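Inside the fold
Below are the chains, spelled out letter by letter.
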Amino acid sequence: MKKFPSIDQYRNVIKQVKLKHDYQGKDEEGNPVYKHLSDYPKLDFLGTVKLHGTNAAIVKYVNGEIDFQSRERVLTLEQDNAGFMLSMKSKNLDFLWEKFNPENHVAIYGEWCGKGIQKGVAISELPVKKFVIFGVKVDDSWVHFSSNLCDNTQDIYNVLQFPTYKVEIDFQNPELIQNKLIDLTIQVEEECPVGKAFGISGIGEGIVFTCVNDLDLKFKSK
């Protein structure tokens, strides 16, 4: 089981960046030492549309075995998650693994969304359920992935196929970007870009921002 971690709030990421920057190693007793010796960095973040469905994953192990997961458990056909495993098992998923070394463990994370899964947002009105990839881990480390990691003919999409939002955050003055983050989030909430791409007008849930140079740094704005 390769559980998808929770996504932090902006304030938590600010704390993480500052602690990492100020970390100077350990003292003689093994305790961490923090000193603020220089300005905090400016980091680039890429925002992608936050989707309101159910978290799902397809995991390929080194031995070639494949698991289908929800956020909390490995799925079976008897205990599925809104039909995710049943749908995926009927598809040719070879394209998911073509760009990865077969000796690596690969986890493909995404949102399983459409009618009958959630309510109140544009994508909950999709008549045909879709899997939208938003993250990839190789051997338990996040990796960059391209927008062509998808097969739209099989209703497997990629969050990078839809509008994205680039911001630079100055962690010396992290409050300066907050109004822009709010404005972008309101835009998505008022008209979901993913729903709009499928011809459905309605509200969205927000944005997930990921640091371009440190993929472990993520925060949600909603």
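Parameters and conventions
Residues numbered from 1 in each chain as written. Predicted model: local features only at pLDDT ≥ 70, side-chain atom pairs only at ≥ 80, totals over all residues. Heavy atoms only, no water. Salt bridge = Lys/Arg side-chain N within 4 Å of Asp/Glu carboxyl O. Helix = DSSP H or I, 4+ residues; strand = E, 2+ residues; numbered from the N terminus. Buried < 20%, exposed > 50% of the residue type's maximum accessible area, 1.4 Å probe, protein only. Core = buried A, V, L, I, M, F, W, Y, C linked by side-chain atoms within 4.5 Å. Contact = heavy atoms within 4.5 Å. Polar contact = N/O pair within 3.5 Å; in protein donor to acceptor, adjacent residues only side chain to side chain. Pairing = 2+ DSSP bridges. 1 Å grid on protein atoms, 1.4 Å probe; cavity = no way out; pocket = protein on both sides within 12 Å on 5 of 7 lines; lining within 4 Å. Points joined across faces, edges and corners; volume = space filled by probe spheres on them. Nonpolar A, V, L, I, M, F, W, Y, C, P; charged D, E, K, R; others polar. Expected span 1.5 Å × (residues − 1).

**Let's talk about the pattern of salt bridges**
Under the criterion given, the structure shown has 6 salt bridges. The salt bridge involving K2 is made with D140; its shortest N-O contact spans 3.5 Å. Here D140 lies in the loop between β7 (130–138) and β8 (141–142) and K2 lies in the segment before α1 (10–22), a separation of 138 residues in the sequence. Using a relative accessible area of 46% as the deciding quantity, one classes D140 as partly exposed. The salt bridge involving D155 is made with K130; its shortest N-O contact spans 2.9 Å.

**A few points about the nonpolar core**
Counting 34 residues, the largest nonpolar core has F45, I123, V167, I169, F171, F209 and F219 as its most contacted members. For this core, the secondary-structure elements that each account for two or more residues are α1, β3 (42–49), β10 (164–170), α3 (178–190) and β11 (207–211). Broken down by element, the residue count for this core peaks at 4 residues, all from α1. The contacts of F45, once residues within four sequence positions are left out, are V13, Y165, K166, V167, I169, F171, F209, T210, C211, V212, L217 and F219.

**What about the environment of N63?**
Relative to the assigned elements, N63 resides in the loop between β4 (54–60) and β5 (66–70). On a C-alpha basis, the gap between N63 and H105 in space is 8.8 Å, while along the polypeptide they are 42 residues apart. A polar atom in the side chain of N63 sits 2.9 Å from the backbone nitrogen of E65.

**Quick word on the pairing of β10**
Burial of the side chains of β10 is restricted to one face: Y165, V167 and I169 are buried, whereas none of T164, K166, E168 and D170 on the reverse face is. Alignment of β3 against β10, held across 7 bridges, turns out to be antiparallel. Note on β10: the bridge partner recorded for L46 is K166.

**Points about the layout of surface pockets**
Using a probe with the size of a water molecule, rolled over the atoms, empty space left in the structure can be pinpointed. Of the voids in this model, the largest pocket is the one considered here, and its volume is about 650 Å³. For the largest pocket, the lining is made up of 32 residues, of which T48, F134, V208, T210 and K218 are closest to its centre. Where the lining of the largest pocket is concerned, the elements lending two or more residues are β3, β7, β11 and β12 (218–221). Here the lining of the largest pocket is built from residues that sort into 17 nonpolar, 9 polar and 6 charged.

**Notes on α3**
Taking 1.5 Å per residue as the helical rise, α3 with its 13 residues ought to reach 18 Å, and the 18 Å between its terminal C-alpha atoms agrees with that figure. Against α1, β3, β10, α4 (193–197), β11 and β12 lie the buried residues of α3.

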